[in-house]
Amino acid sequence: MIKPITRTALSMALVCALASPSVIGAEKPAKATAQTKLDLYLTATEAWQMMQEQQDAILVDVRDPVEIKFTGFATPTQIHVPWMVADSNGWSAKRSSWAMVKNPDFEAQLSNRLAALKAKPGTPIIVMCRSGSTRSAPAVNLLADQGYTNVWTVVDGFEGGKLKQGDSKGVRAQNGWRNSGLPWSYKIDQAVAWQPNS
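My aim in this report is to walk through the structure given alongside it, one point at a time.

1. With respect to the sheet that holds strand β2 (residues 58-61)
Link 1 in the chain: Across the sheet, 5 strands lie side by side as β1-β8-β7-β2-β4; this open sheet has parallel pairing. Every interior strand has two partners, whereas the edge strands, β1 (41-42) and β4 (79-80), have only one.

Encoded structure:
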């Protein structure tokens, strides 16, 4: 039989555990290009929650500057270094658009920015691209290879998923940072914005 005082203590512990905010994490994406070595996944809303609870968390945006110019920027972003950049001299027939090329200085630029913020191997780092697939995941893997152990990818990215029906079918207008009511702006902090030669 549990003594009344022990039962009360257990009840209080359970209430505290249920009431305390915590980041649970999103499910592992089915798409292989969205999976990471660390298997740490967040929705945009969970990323925002983590940033509120862990003041040392660093939000990294790895999108091309042109995307950010026209779609906006999460205001708490502390680092912007694009994984890929648009190549105005190249055309992709497959995509019917300008080609994207890997930023050859990505690793050095991101490492320098993290060092400037005094990031440690266990510092929470949250990486976000447009939709949480082909750019944030490899960036997380690169950081994992450098010894960072607490690096998360935002599975719904900044813009979120595409609508499947209706007049706006194909538009990225569901979930994601911008569509979840989280703080964002078209204005970009110059101190955070990527500079090609920085």
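2. Considerations on the packing of aromatic side chains
Link 1 in the chain: Tallying each qualifying case throughout the model produces 5 aromatic pairs.
Link 2 in the chain: Aromatic pair Trp 83 and Phe 106: ring centres 4.9 Å apart, planes at 75 degrees, arrangement edge-to-face. Here Trp 83, found in the loop between β4 and β5 (84-92), pairs with Phe 106, found in helix α4 (residues 106-116); they are 23 residues apart in sequence, far enough to count as distant. We note that Trp 83, like Phe 106, is buried.
Link 3 in the chain: For the pair Trp 91 and Trp 98, a centre-to-centre distance of 5.3 Å together with 80 degrees between the ring planes defines the contact as edge-to-face.
Link 4 in the chain: Given a relative accessible area of 54%, Trp 91 falls into the exposed group.
Link 5 in the chain: Taking the ring centre of Trp 83 as reference, the NZ or CZ of Lys 102 above it sits at 4.1 Å.
Link 6 in the chain: When the ring centre of Trp 184 is taken as reference, the NZ or CZ atom of Arg 178 above it lies at 5.7 Å.

3. Looking at the packing of α4 against helix α5 (residues 136-145)
Link 1 in the chain: Orientation of α4 relative to α5, taken along the N-to-C sense of each, is 65 degrees, at an axis distance of 11 Å. As judged from the angle between their axes, α4 and α5 are roughly perpendicular. The two elements α4 and α5 cross, and the hand of that crossing is right-handed. Counted together, Phe 106, Glu 107, Leu 110 and Leu 114 of α4 and Ala 139, Leu 142 and Leu 143 of α5 form the full contact between these two elements.
Link 2 in the chain: Among the residues forming the contact of α4 with α5, the class breakdown is 6 nonpolar, no polar and 1 charged.

4. Let's talk about α5
Link 1 in the chain: The element α5 is largely enclosed, with a buried count of 8 among its 10 residues.
Link 2 in the chain: Every buried residue belonging to α5 is among Ser 136, Ala 137, Ala 139, Val 140, Asn 141, Leu 142, Leu 143 and Ala 144, and all of these are buried.
Link 3 in the chain: Packed against the buried residues of α5 are α4, β7 (125-128) and β8 (151-154).
Link 4 in the chain: Remark: Gly 147 follows α5 within two positions and exhibits a positive phi of approximately 105 degrees.

Reading the values: rules and limits
Residues numbered from 1 in each chain as written. Predicted model: local features only at pLDDT ≥ 70, side-chain atom pairs only at ≥ 80, totals over all residues. Heavy atoms only, no water. Pairing = 2+ DSSP bridges. Helix = DSSP H or I, 4+ residues; strand = E, 2+ residues; numbered from the N terminus. Phe/Tyr/Trp six-rings, centres within 6.5 Å; stacked < 30°, edge-to-face > 60°. Buried < 20%, exposed > 50% of the residue type's maximum accessible area, 1.4 Å probe, protein only. Lys NZ or Arg CZ within 6 Å of the ring centre and 35° of its normal. Axes fitted to C-alpha atoms, helices over the stretch in contact; angles between N-to-C directions. Parallel < 35°, antiparallel > 145°, perpendicular 65-115°, else oblique. Left-handed = near helix turned anticlockwise from the far one by under 90°. Contact = heavy atoms within 4.5 Å. Nonpolar A, V, L, I, M, F, W, Y, C, P; charged D, E, K, R; others polar.

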